[in-house]
Amino acid sequence: MNVLIIEDEELAVRKLTKLLQDVDPTLHVVGTAASVRASVSWLEANAPGQPSAPDLILMDIELADGQSFEIFEQTTVTAPVIFTTSYDEYALRAFKVNSIDYLLKPIKRQELEASLEKHRRLSSGAATEPAPQVSIDALVQQLRKQVAPTEHRRRFLVRHLSQWVPVEVSDIAYFYSEEGVSLFRTRSNQKFSVDYTLDELESMLDPAQFFRANRQFIVDINSVQQIHPYFNNKLKLTLKPSPDDEVLVSRERATDFKKWMGK
């Protein structure tokens, strides 16, 4: 079975590819795309009938240049889709398109196995009874329970030189992504890598303390020193310690960010 992965975090692509191979070695990842534009181009170049046409698409909702729902507005998607995300707010929209399932990050092996089995059963026509009507309200409530952690992460055990070092979350100024690797900086300006994607990290952290500024940065509220108006209604953040790259809050997230900061 040909599988297309639409995901903008390189680490997430690698982990999902490995998980797919572990679950079913006959699965073949025929392509990956990190943005709406790249996804549309890939799908149009690999239309049904082509050898590399996907039989199944694993699709993250938040991509580098927008939400993956825009893909359906720009091209025809014939393959069934399993949406992956850390957020439950998109549940209703997700189930109105070609979705056969909805997985919350971090994706667990047994849940992926169940989704793939569901896909095989539907594809083979083995389902003899019509699928039951899904209550969207009930689904959203169930997803909220799943996505809400019972306890937020308090520390990370990270490798430093030849040893492992525990770092308290309260000592972390921000998490960020660089060349497909997730890292964080402490308030004392030490840098460490972590084996989680930013989406996975976001689901572990206290939302009252950390905010996903953009696809590359999750910032701690105490690290924000200044907030500057920026082009196209974005916001530019001054963080402490200072990151190597500028940190912008998108226009779509600017209002939520101001509320989070206490406006």
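Reading the values: rules and limits
- Residues numbered from 1 in each chain as written.
- Predicted model: local features only at pLDDT ≥ 70, side-chain atom pairs only at ≥ 80, totals over all residues.
- Heavy atoms only, no water.
- Helix = DSSP H or I, 4+ residues; strand = E, 2+ residues; numbered from the N terminus.
- Expected span 1.5 Å × (residues − 1).
- Contact = heavy atoms within 4.5 Å.
- Pairing = 2+ DSSP bridges.
- Axes fitted to C-alpha atoms, helices over the stretch in contact; angles between N-to-C directions.
- Buried < 20%, exposed > 50% of the residue type's maximum accessible area, 1.4 Å probe, protein only.
- Core = buried A, V, L, I, M, F, W, Y, C linked by side-chain atoms within 4.5 Å.
- Phe/Tyr/Trp six-rings, centres within 6.5 Å; stacked < 30°, edge-to-face > 60°.
- Parallel < 35°, antiparallel > 145°, perpendicular 65-115°, else oblique.
- Left-handed = near helix turned anticlockwise from the far one by under 90°.
- Nonpolar A, V, L, I, M, F, W, Y, C, P; charged D, E, K, R; others polar.
- Salt bridge = Lys/Arg side-chain N within 4 Å of Asp/Glu carboxyl O.
- Polar contact = N/O pair within 3.5 Å; in protein donor to acceptor, adjacent residues only side chain to side chain.

1. A word on helix α1 (residues 10-23)
Compared with an ideal rise of 1.5 Å per residue, which puts 14 residues at 20 Å, α1 spans 20 Å between its outermost C-alpha atoms and is within 8% of the ideal. In this structure, the buried side of α1 is in contact with β1 (2-6), β2 (28-33), β3 (56-60), α5 (109-124), β11 (181-186) and β12 (191-194).

2. Brief notes about the sheet that holds strand β13 (residues 210-212)
Within a sheet, adjacent strands bond to each other through the backbone by hydrogen bonds, running parallel or antiparallel. In space, the five strands of this open sheet follow the order β12-β11-β10-β14-β13, with antiparallel pairing throughout. If you trace the sheet from one side to the other, it starts and ends with β12 and β13, each paired once. Each strand axis lies, on average, 20° off the axis of its neighbour in the sheet, ignoring direction.

3. Notes on unusual backbone geometry
A cis geometry characterises the amide bond from Lys105 onward to Pro106, with omega recorded as -5°. Turning to its location among the elements, Pro106 is positioned in the loop between β7 (99-104) and α5. For the bond from Lys240 to Pro241, the omega torsion is 0°, close enough to zero to count as cis. Here Pro241 shows up in the loop between β16 (234-239) and β17 (247-249). Positive phi, close to 55°, is recorded for Glu179, a residue that is not glycine. Within the secondary structure layout, Glu179 lies in the loop between β10 (172-178) and β11. The residue Asn232 is not glycine, and still its phi comes out positive at about 60°. Positionally, Asn232 belongs in the loop between β15 (224-230) and β16. Residue class for Asn232 comes out partly exposed when judged on its relative accessible area of 38%.

4. Side note on the nonpolar core
With 20 residues, the main nonpolar core has Ile6, Ile57, Met59, Ile71 and Phe83 as its most contacted residues. The dominant element in this core, judged by the number of residues it contributes, is helix α2 (residues 36-45), at four residues. The contacts of Ile6, once residues within four sequence positions are left out, are Ala33, Ser39, Ile57, Leu58, Met59, Asp60, Leu63 and Ile71. Among the nonpolar cores identified, the runner-up in size contains 17 residues, and Val219, Leu235, Phe257 and Trp260 belong to it.

5. A look at the packing of aromatic side chains
Counting across every chain of the model gives 14 aromatic pairs. The interplanar angle of 20° and the centroid separation of 5.8 Å between the aromatic rings of Tyr176 and Phe217 together place this pair among those described as stacked. With Tyr176 in strand β10 and Phe217 in strand β14 (residues 217-220), this pair connects stretches of sequence that are 41 residues apart. For Tyr176, a relative accessible area of 5% gives the class buried. Between Phe211 and Phe257, the ring centres sit 5.3 Å apart and the planes meet at 70°, which makes this aromatic pair edge-to-face.

6. A word on the packing of α1 against α5
Relative to each other, α1 and α5 sit at 65°, their axes nearing to 10 Å. Put simply, α1 runs roughly perpendicular to α5. When you trace α1 past α5, the crossing you get is right-handed. Along its contact with α1, which presents Leu16, Leu19, Leu20, Asp22 and Val23, the element α5 presents Arg109, Leu112, Glu113 and Leu116. Taken together, the residues that form the contact of α1 with α5 break down as six nonpolar, no polar and three charged.

7. Examining the pattern of salt bridges
Counted by the stated rule, this structure contains 20 salt bridges. Among the ionic pairs, Arg109 bridges to Glu113, the shortest N-O distance being 3.0 Å. Of the two residues, Arg109 and Glu113 both sit in helix α5, four residues apart, roughly one turn of that helix. Note on Arg109: relative accessible area 41%, which makes it partly exposed. For the salt bridge of Glu117 with Arg120, the shortest nitrogen-to-oxygen distance reads 3.9 Å. Residue Glu117 and its partner Arg120 are both found in helix α5; the two are separated by three residues, about one turn of the helix.

8. Details of the side chain of Asp220
With respect to the helices and strands, the residue Asp220 is situated in strand β14. Polar side-chain contacts of Asp220 include one of 2.8 Å to the side chain of Arg187. Setting aside anything within four residues of it in sequence, one finds Asp220 in contact with Ile172, Ala173, Tyr174, Arg187, Gln209, Phe210 and Trp260.

9. Section: the sheet that holds β15
On the basis of which strands lie adjacent, the open sheet formed by three strands has the order β15-β16-β17 and antiparallel pairing. Of all the strands in the sheet, the pair left with one neighbour each is β15 and β17. Pairs of neighbouring strands in the sheet enclose a mean axial angle of 30°, with direction left out of account. Here β15 pairs with β16 via six bridges, running antiparallel.

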